[in-house]
Amino acid sequence: MTDKNRVVIFDTTLRDGEQSPGATMSHAEKLEIAQMLDEMGVDIIEAGFPIASEGDFAAVSEIAKQAQNSVICGLARAQIPDIDRCWEAVKHARRPRIHTFIGTSPLHRAIPNLDMDQMAERIEQTVTHARNLCDNVQWSPMDATRTEHDYLCRVVEIAIKAGATTINIPDTVGYTAPRESAALIAMLLERVPGADEVIFATHCHNDLGMATANSLAAVEAGARQIECTINGLGERAGNTALEEVVMAMKVRHDIMPFTTGIDTTKIMAISRRVAQVSGFVVQPNKAIVGKNAFLHESGIHQDGVLKNVETFEIMRPADIGLNENNIAMGKHSGRAALRAKLADLGFEVGDNQLKDIFVRFKALADRKKEVYDEDIVALVQDASANTEDDHLQVKHLRVVCGSDGQSADLTMVVDGEERTVHATGDGPVDACFNAVKQIFPHNARLKLYQVHAVTEGTDAQATVSVRMEEDGRIVNGQAADTDTILASVKAYVGALNHLIVRRQRAGKDDKQISMYSH
Ligand SMILES: CC(=O)SCCNC(=O)CCNC(=O)[C@H](O)C(C)(C)COP(=O)(O)OP(=O)(O)OC[C@H]1O[C@@H](n2cnc3c(N)ncnc32)[C@H](O)[C@@H]1OP(=O)(O)O
Ligand SMILES: CC(C)C(=O)C(=O)O
């Protein structure tokens with residue numbers, strides 16, 4: 001890399017992001033997100049942890065084959081079988097990378113029960129092994145920010161000598177603070193022989209809400225790779241959010257004169273898609289991608305923005321791909337306007353998909369006075385979440401609720417066969433879910449049921465997220481409708497459809513599925 005101020009963006013949405021409990025993505029969803037990351041200019045995609053499961057291995061291999069520009073990286077413990085498995089998956093990429101790690105702090109050294117010398121030897125062996133397979137090797141001392149400085153310098157030097165080309169310094173538990181984060185990188189650059197021949201990376205978690213600040217401080221001290229995820233997805237309080245560090249360096253280029261290869265106009269589209277496939281809704285006041293990030297509601301702000309937008313906006317919505325070209329959508333709009341609106345919102349759809357979304361759009365426009373951008377996003381997401389190929393489909397629902405009790409009459413199509421049941425419950429949603437369970441008996445546990453109004457007004461669409469768990473497998477379902485109860489049933493059924501696919505993929509035979517469904 002020739003430009004000394006170019007910061008490499010390493011996205012780990014598909015690895016560390018997917019480690020958030022419940023954020024598991026399907027194979028197809030991972031491929032789609034990887035393609036979006038590749039197209040938006042992410043330098044390195046950490047696509048998964050190949051030894052973790054057959055599914056992870058398959059996803060990393062496919063992403064490696066599909067990637068056009070990004071380096072494709074897989075994670076491996078400091079163990080030879082992990083590294084071999086990782087290489088088997090990433091070797092298909094035009095530009096593969098192996099990322100191997102081990103916890104170096106006193107707390108983490110105790111886990112594999114290695115003393116300082118034994119661990120140093122393990123690092124030397126495993127990094128050498130990785131480098132013999134691949135000429136692009138990243139090494140991480142996990143929990144670096146709680147590792148003794150002398151020992152950290154010693155092991156980083158060993159990793160560099162063994163052939164690591166990137167040294168990542170993780171703040172695994174989100175413990176550091178900006179000044180300390182900068183000082184740690186500066187210390188390593190100054191003390192470790194060979195430090196100037198590798199790239200130093202920063203990998204921060206957000207437990208104290210400082211991941212973005214800590215990452216940027218590390219860059220100011222000389223790190224040139226930031227590890228991050230879309231929407232800050234990740235374990236516990238998450239990882240550094242890609243959109244935050246990238247936009248911070250763009251907007252405050254005057255004091256942080258660093259560049260990235262990211263096409264920032266693609267941020268909104270990928271943020272929405274990651275929120276949908278992970279089931280992690282973005283909080284409205286989230287920096288950059290929150291629904292309110294560019295909204296001005298109070299009079300003084302509105303007055304200021306009308307007179308000069310810069311009074312209350314430090315970046316343009318268009319910079320992150322937010323539509324400023326307001327084509328008003330309603331029941332008189334046609335396919336051309338819908339296609340243009342979808343493109344504005346970052347959705348490229350084929351003719352068949354457009355046809356399907358258009359039918360749903362017209363049905364919505366008939367029911368709703370105004371159709372907002374958020375409604376259209378919900379519509380697209382609903383269309384891609386619930387399709388005609390699904391094993392279970394909701395055909396008809398009638399709900400009775402009120403002070404005299406609640407019941408549901410539900411008709412569903414199960415693998416082509418129509419079934420109708422009547423069920424009661426503790427509330428209308430409970431009655432509906434009981435009806436679904438009568439039609440498709442299962443033992444999956446409901447882990448999350450969340451309703452979110454897409455826009456204001458009593459005719460607003462509701463997006464409903466459902467998360468379920470069966471034998472450690474976690475699946476999500478999402479749906480949108482102006483009828484909250486119908487959206488709930490569709491989301492619940494969507495999660496069950498994912499579960500069926502997961503069971504089939506895990507080798508659980510179709511017999512069991514049909515046994516449950518009779
Ligand atoms: C900070 C991070 O994000 S690190 C990445 C965390 N991500 C994940 O763990 C997700 C994927 N993980 C998995 O699927 C599983 O944990 C596997 C497949 C990797 C391992 O599964 P298992 O063999 O059943 O081991 P288990 O998870 O119970 O315990 C982890 C083992 O790895 C060892 N280990 C953990 N990290 C490392 C490391 N970096 N290098 C070498 N060994 C390690 C532990 O010592 C323990 O081995 P031990 O029981 O012999 O002491
Ligand atoms: C594997 C490492 C880089 C990690 O995810 C962490 O330390 O948080």
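Residues numbered from 1 in each chain as written. Chains lettered and ligands numbered in written order. Predicted model: local features only at pLDDT ≥ 70, side-chain atom pairs only at ≥ 80, totals over all residues. Heavy atoms only, no water.

### Thoughts on empty space enclosed by the protein
Over the atoms rolls a probe the size of a water molecule, and its path tells where empty space is left.
Move 1: Under the counting rule described, the total for this entry stands at 1 cavity of 30 Å³ or more.
Move 2: Of the volumes computed, that of the largest cavity is approximately 60 Å³.
Move 3: T145, I169, D171, T176, S181, L184, I185, T202, H203, C204 and A218 together form the lining of the largest cavity.
Move 4: Breaking the lining of the largest cavity down by element, the ones donating at least two residues are β6 (166-171), α7 (178-191) and β7 (199-204).
Move 5: Tallied by class, residues from the lining of the largest cavity come to 5 nonpolar, 5 polar and 1 charged. (1 Å grid on protein atoms, 1.4 Å probe; cavity = no way out; pocket = protein on both sides within 12 Å on 5 of 7 lines; lining within 4 Å. Points joined across faces, edges and corners; volume = space filled by probe spheres on them. Helix = DSSP H or I, 4+ residues; strand = E, 2+ residues; numbered from the N terminus. Nonpolar A, V, L, I, M, F, W, Y, C, P; charged D, E, K, R; others polar.)

### Quick notes on the pattern of salt bridges
Pairing between side chains of opposite charge can happen when the charged atoms of each approach one another.
Move 1: Tallied over the entire structure, the rule returns 29 salt bridges.
Move 2: Of the charged contacts, one joins E32 and R273 as a salt bridge, the two residues approaching to 2.6 Å between their closest N and O atoms. Note that E32 is positioned in helix α1 (residues 27-39) and R273 in helix α10 (residues 267-278), a separation of 241 residues in sequence.
Move 3: D82 is the salt-bridge partner of R77, the closest N and O atoms lying 2.9 Å from each other.
Move 4: Look at R77 and you get partly exposed, because its relative accessible area is 36%.
Move 5: Taking relative accessible area as the criterion, D82 reaches 1% and is therefore assigned buried.
Move 6: The network of salt bridges with shared partners includes R15, D16 and E46. (Salt bridge = Lys/Arg side-chain N within 4 Å of Asp/Glu carboxyl O. Buried < 20%, exposed > 50% of the residue type's maximum accessible area, 1.4 Å probe, protein only.)

### Considering the nonpolar core
Move 1: If you look at the biggest cluster of nonpolar residues, it comprises 86 residues, and the most contacted ones within it are W139, V156, I167 and L188.
Move 2: Counting residues per element, this core draws most heavily on helix α6 (residues 149-162), at 9 residues.
Move 3: Ranked by size, the runner-up nonpolar core spans 32 residues in total, among them F440, V464, V475 and I500. (Core = buried A, V, L, I, M, F, W, Y, C linked by side-chain atoms within 4.5 Å.)

### Some words on a nonpolar patch on the surface
Move 1: A contiguous nonpolar patch, built from L446, Y449 and V451 and spanning about 250 Å² of accessible area, is present on the exposed surface.
Move 2: By relative accessible area, Y449 is classed as partly exposed at 33%. (Patch = residues over 30% accessible without salt bridge, like charges linked within 9 Å, V, L, I, M, F, W, Y side chains within 5 Å. Areas by Shrake-Rupley, 256 points an atom, 1.4 Å probe, with all protein chains shown as cover.)

### Focus on the site of ligand 1
Move 1: Around ligand 1, the surrounding shell holds 14 residues, and the nearest of these are Q19, R77, A78, Q79 and F101.
Move 2: Interatomic distance of 3.0 Å between a side-chain N/O atom of Q19 and a nitrogen atom of ligand 1.
Move 3: For ligand 1, an oxygen atom lies 2.7 Å from a polar atom in the side chain of R77.
Move 4: Protein chains shield 53% of the accessible area of ligand 1, which is 1000 Å² for the free molecule. (Near = heavy atom within 4 Å. Polar contact = N/O pair within 3.5 Å; in protein donor to acceptor, adjacent residues only side chain to side chain.)

### Things to note about the pairing of strand β11 (residues 417-424)
Move 1: Here strand β10 (residues 407-414) pairs with β11 via 8 bridges, running antiparallel. Bridge pairing in β11 links V413 to E418.
Move 2: Between β10 and β11, which pair antiparallel in sequence order, lie 2 residues; one of them, D415, sits at a positive phi of approximately 45°. (Pairing = 2+ DSSP bridges.)

### Digging into the UniProt feature "binding site: Mn(2+)" (unreviewed entry) in the protein
Move 1: As annotated in UniProt, the feature "binding site: Mn(2+)" (unreviewed entry) corresponds to D16, H203, H205 and N239 in the numbering used here. These annotated residues cover 224 residues of sequence, and their C-alpha atoms lie no more than 10.4 Å from one another, placing them together at a single site. In this structure, the largest cavity is lined, among the annotated residues mentioned, by H203.
Move 2: Residue H205 is classed as buried on the basis of its relative accessible area of 5%.
Move 3: Dropping the residues within four chain positions of it, H205 is found in contact with D16, D171, T172, V173, G174, A211, E235, R236, G238 and N239.
Move 4: Only 3.2 Å separates the side chain of H205 from the side chain of D16, close enough to count as a polar contact.
Move 5: Among the secondary structure elements, N239 is positioned in the loop between β8 (225-228) and α9 (242-251).
Move 6: Not counting chain neighbours up to four residues away, the residues in contact with N239 comprise T12, D16, H203, C204, H205, A211, T229, G232, L233 and G234. (UniProt positions renumbered as here; feature names shortened; annotations may be inferred. Contact = heavy atoms within 4.5 Å.)

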